[in-house]
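Reading the structure
Letter by letter, the chains look like this.
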Amino acid sequence: MLHAKLSHQDNAGVHPAGTYPASLDALFGQQAAEAAWREISSWPDYSPTPLLELPELATEAGIGRLWYKDESQRFSLRSFKALGGAYAVLRLLQDIVADRTGKRPDLETFRSGACAELIADTVISCATDGNHGRSVAWGCQQCGCRCVIYIHRDVSAYREQAMAAFGAEVVRIDGNYDDSVRLADEDAKRYGRIIVSDTSYPGYMDIPRDVMHGYSVMLREAVQQLAGEIPTHVFIQGGVGGLAASVCAYFWQTWGAQRPRFIVVEPEQANCLQQSARAGEAVVVHGDLETLMAGLACGEVSALAWPILEAGADDFMTLGEAAVAPAMRLLHDREPSIEAGESAVAGIAAALIASADPALAQRLQLDSRSRVFVIGTEGATDPEVYQELVGT
Ligand SMILES: Cc1ncc(COP(=O)(O)O)c(C=O)c1O
């Protein structure tokens, strides 16, 4: 069905199955996830994204069930990232207004313009390769806050325009992603801007923690949609690891010792999570990080994510590039037809390829009784690239 190289690494540091360790609560906790749910589910355009069951693909792969949480239409931004950056922007602005007035306004109040003067001197900024920046720009536009987004030389013109359409000032630099992060940080210090990043490092944890809790809204929806079924395996794609950590933590908290096996999937050239598992500590991957899966092209693990994944992820895999376009076409051509972008397919492609490989399937305990959950994290976030790869 699909063919590509998969490399597998057991996680030697994995915590024995049991309840979610209390020591991880400060990184990702149930109360903060509840707060994100209350906030985001009250937004005017909110509706849950579908959880699709794909029985035909499951049968072909020799597994029992296959669920695909389809984020391609999330808030018209076409990726799950809509939940993270925009939520962190709102929380940050609520804190600023609360400091000045003692009241925390809701999104509607910001949208009405009632807080305009109170945030007139606030400028939010970040570096992005696309989806996170779009979410930050969207959040800023709704709240009426100035926003400056840094992109690197390889970010497509379409993605740049999508952020500008939300009113962000977009600064394109000549360097790579890491250079854009550095410049966004330097300029933020120079001009007094606040960085809203989806990755964290020591000393910068609070905002990325809000981002991760924003993602959990999608997981709460999934648990409800699963209606009592508990998957045996989750294949989840990793960039800086924020998404994977949020999935791992939320499902571990929800299902305790019955939690699924967590398999993190990364591009071969950008496997900072797998390399960290091998090293037994967070390590940086250098090089050009080149991959079609633009949202996963990260060389550095988020400091918040790593302790969760170190304790909770069972396996770390990489997926060869050869699987990406065929997996997008496969999802497009079947019934129901699914719009899946380049970074969306890593989890499902790894699940299908691993199931068809007897040695790997045995290692991962994948068989006809397995119930596999994956997330299609984006739709056609760049329609030109999508068209080129899917051929529609
Ligand atoms: C579509 C998509 N999927 C997955 C990811 C990975 O998320 P994280 O960087 O939190 O690991 C990203 C990150 O930008 C993304 O855009």
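Given the structure is predicted, the values throughout are model-derived calculations rather than measurements.

**What about the site of the ligand?**
Neighbouring the ligand are 20 residues; Gly239, Gly242, Gly295, Thr377 and Glu378 lie closest to it. At the level of secondary structure, the elements contributing two or more residues to the shell around the ligand comprise α5 (131-143) and α9 (242-255). With three residues, α9 is the single largest residue contributor to the shell around the ligand.

**Re the environment of threonine 101**
Secondary-structure assignment places threonine 101 in helix α3 (residues 85-101). In the structure, threonine 101 is positioned 88 residues away from lysine 189 in sequence and 26 Å away in space, judged by C-alpha atoms.

**What about helix α1 (residues 30-40)?**
Ala33, Ala36, Glu39 and Ile40 are the residues of α1 that are buried. Along the axis of α1, the buried positions cluster into a sector of 125 degrees, meaning they face one direction only. The exposed set on the far side of α1, more than 90 degrees from its buried face, consists of Gln31 and Arg38. Tucked into the core, α1 has its buried residues touching α3, α8 (206-226) and α9.

**Observations concerning the domain arrangement of the protein**
Interface size is commonly expressed as the accessible surface area that is lost when the partners come together. Per the domain assignment, the segments making up the protein are domain 1 (6-81 + 207-390) and domain 2 (85-197). On a C-alpha basis, the centres of domain 1 and domain 2 stand 26 Å from each other. Counting residues at the interface gives 21 residues for domain 1 and 19 residues for domain 2. For the side of domain 1 that touches domain 2, the elements supplying multiple residues, two or more each, are α1, α8 and α15 (383-390).

Calculation notes
Residues numbered from 1 in each chain as written. Predicted model: local features only at pLDDT ≥ 70, side-chain atom pairs only at ≥ 80, totals over all residues. Near = placed C-beta within 6 Å. Helix = DSSP H or I, 4+ residues; strand = E, 2+ residues; numbered from the N terminus. Buried ≥ 20, exposed ≤ 12 C-beta atoms within 10 Å, placed from the backbone. Arc of directions from axis to C-beta. Contact = placed C-beta atoms within 7 Å. Domains from an automatic or database assignment.

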